[in-house]
Protein chains: 2
Amino acid sequence: MKANININKIKSSYIIIAGCGRLGANLANTLSNLGESVIVIDRDEDAFRKLSHSFGGIVVAGDATEMTVLNDAEIEKATAVISVTNNDNTNIMVAQLAKEMFNIDQVIARLYDPECECVYQEFGIETICPAVLSMKEIDKMLPAIPLGVLDGEGLAV
Amino acid sequence: MKANININKIKSSYIIIAGCGRLGANLANTLSNLGESVIVIDRDEDAFRKLSHSFGGIVVAGDATEMTVLNDAEIEKATAVISVTNNDNTNIMVAQLAKEMFNIDQVIARLYDPECECVYQEFGIETICPAVLSMKEIDKMLPAIPLGVLDGEGLAV
């Protein structure tokens, strides 16, 4: 199941976002407002309700780990793939497909489990881990108690 | 239901963490490793399994929004209260109780919904929002497309 895709309608340069949760929708709205071409993929069509009325990109209802879905979205033409579904394994799989099968230059994956983070960075996949980012932010807020995570170290996972 | 509390055992200065999820447990472990006295409150006793073997703080199984639980933990002596349960309303309630009822100097709440963030900052409650932090991080990773969130602005919620 997928929405109408007319890839020719959009510019040659575009960004694919897998996962239309709070972060994915926010990213999609922000990038679209900036005039970027965006394709958002989510298995759940209801998720697209989070997109703003001014969102000018394309939505694809489907599983971003499936090659047919990625091929339909002409992933090979994407300048960046950002995988922010609520499932770490999905994000890892999308990121690896984008990087290794389609040679996408910039690939970003959200990983809830901080232990995975280092591994994927070695594969050229940039990762964001909300727990690590939150720890760093709390570290800044508690200047009297340096948690030692501001440099990425010291996380007691 | 609560674990044994012997508040006299710990130092006069300590930090209360509400919510022993990934972030709460990580914070508790890190602070404990640094020699800080920590009290962790969670409704679910199983959550305390995330604490490391070296965790030297106190755990309280109970609802951190209940005054009896906060009184048992002698919250008024805490130097900081950090509420990072997986429920925004709980975190807001704990933070407001800590700030207004017990005059705790440093109060930090995690809020998943970025729209709440500004309101509570006005009450002297510091907030961390994983979606905002993630957007800022992605902003750094996409230098060619400034999302405008690095200064806290531009989030298209």
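Higher on the page you've got the structure.
Sequence order as written defines the numbering, with residues in each chain counted from 1. Think of it this way: whatever chain is written first is A, whatever ligand is written first is 1, and the rest follow in order. The predicted nature of this model means local features are confined to residues of pLDDT at least 70 and side-chain atom pairs, given and counted, to a pLDDT of 80 or more, with totals for whole chains, interfaces and linings taken over all residues. Excluding hydrogens and water, the side-chain figures rest on all heavy atoms present in the structure.

## Some details on the environment of K136(B)
All names here are of chain B. As a reminder, the rule being used: By the criteria applied, helices consist of DSSP H or I runs no shorter than four residues and strands consist of E runs no shorter than two, each listed in order from the N terminus. Here the term buried applies to any residue with accessible area under 20% of the maximum for its type, exposed to any over 50%, and partly exposed to those in between, with areas from a 1.4 Å probe on protein chains only.
Structurally, K136 is set in helix α5 (residues 130-141). On the accessibility criterion, K136 (23% relative accessible area) is partly exposed. When the C-alpha positions of K136 and L147 are compared, they lie 8.2 Å apart, and in sequence the two are 11 residues distant.

## Points about the relation of the copies chain B and chain A
Rules: Least-squares superposition aligns the copies on the C-alpha atoms of those residues with pLDDT at or above 70 in both. Contacts are assigned to residue pairs that have any heavy atoms within 4.5 Å of one another.
Mapping chain B onto chain A is achieved by rotating through 180° and translating by 0.0 Å along the same axis, at an RMSD of 0.0 Å. In symmetry terms, the pair is related by a two-fold rotation axis. Of the C-alpha atoms belonging to chain B, the one lying closest to the rotation axis is found on P130(B), 2.7 Å away. A shared binding surface is used by both copies, with 100% of the interface residues of chain B retained as interface residues in chain A.

## Description of the packing of helix α5 (residues 130-141) of chain A against α5(B)
To keep it simple, the criterion reads: All axes here are fitted lines through C-alpha atoms, helices being fitted over the stretch that makes contact, and every angle between N-to-C directions spans 0 to 180 degrees. The cut-offs work like this: below 35 degrees is roughly parallel, past 145 is roughly antiparallel, 65 to 115 is roughly perpendicular, and the gaps in between are oblique. Each residue is assigned to one class: nonpolar for Ala, Val, Leu, Ile, Met, Phe, Trp, Tyr, Cys and Pro, charged for Asp, Glu, Lys and Arg, and polar for all the others, Gly among them.
Two numbers describe how α5(A) lies on α5(B): the axes approach to 9 Å, and their chain directions differ by 95°. If you check the angle between α5(A) and α5(B), you find them roughly perpendicular. Taking contact as the criterion, the partners of P130(A), L133(A), S134(A) and E137(A) in α5(A) are, on α5(B), P130(B), L133(B), S134(B) and E137(B). Residue composition of the contact of α5(A) with α5(B), by class: 4 nonpolar, 2 polar and 2 charged.

## Regarding the pattern of salt bridges
Residue and element names in this part refer to chain A. Which entries qualify depends on this criterion: Take a side-chain nitrogen of Lys or Arg and a carboxyl oxygen of Asp or Glu: if they are within 4 Å of each other, that pair is a salt bridge.
One pass over the structure, following the stated rule, counts 6 salt bridges over all chains. Note that K140 and E137 form a salt bridge whose closest N and O atoms lie 3.5 Å from each other. Linking K140 with E137, this pair stays in helix α5, spanning 3 residues, or about one helical turn.

## Thoughts on the environment of A25(B)
Residue and element names in this part refer to chain B. Residue placement: A25 occurs in helix α1 (residues 22-33). For A25, a relative accessible area of 2% gives the class buried. Once the C-alpha coordinates of A25 and T68 are considered, the two residues, 43 residues apart in sequence, prove to be 23 Å apart. Sequence-distant contacts of A25, defined by excluding residues within four places in its chain, comprise C20, K50 and L51.

## Quick word on the interface of chain B and chain A
Quick note on the threshold: A simple way to read buried area is as the amount of 1.4 Å-probe accessible surface that goes missing from two parts once joined, with both sides added.
In this complex, chain B contributes 37 residues to the contact, which on the side of chain A involves 37 residues. Summed over both partners, the interface of chain B with chain A buries about 3,200 Å², with 74% contributed by carbon and sulfur atoms. Here chain B and chain A share 0 salt bridges between them. Those elements that provide at least two residues to the side of chain B that touches chain A are α1, β4 (78-83), β5 (106-110), β6 (126-128) and α5 of chain B. Classifying every residue of the side of chain B that touches chain A by side-chain character gives 24 nonpolar, 8 polar and 5 charged.

## Topic: the sheet that holds strand β3 (residues 58-61) of chain B
All names here are of chain B. The line we're drawing: At least two DSSP bridges between two strands are needed for those strands to be called paired.
The strand order β3-β2-β1-β4-β5-β6 describes an open sheet built from 6 strands, whose pairing is parallel. Each having just a single partner strand, β3 and β6 make up the two edges of the open sheet. The average undirected angle you get between the axes of adjacent strands in this sheet is 20°. Taken together, the 3 bridges between β5 and β6 define a ladder with parallel strand orientation.

## Remarks on the nonpolar core
Rules: We define a nonpolar core as any set of buried Ala, Val, Leu, Ile, Met, Phe, Trp, Tyr and Cys residues linked to one another through side-chain atoms lying within 4.5 Å.
Of all hydrophobic cores here, the largest spans 54 residues; its most connected members are I138(A) and I138(B). Beyond its immediate sequence surroundings of up to four residues, I138(B) is in contact with L23(A), L27(A), I82(A), I108(A), I128(A) and L147(B).

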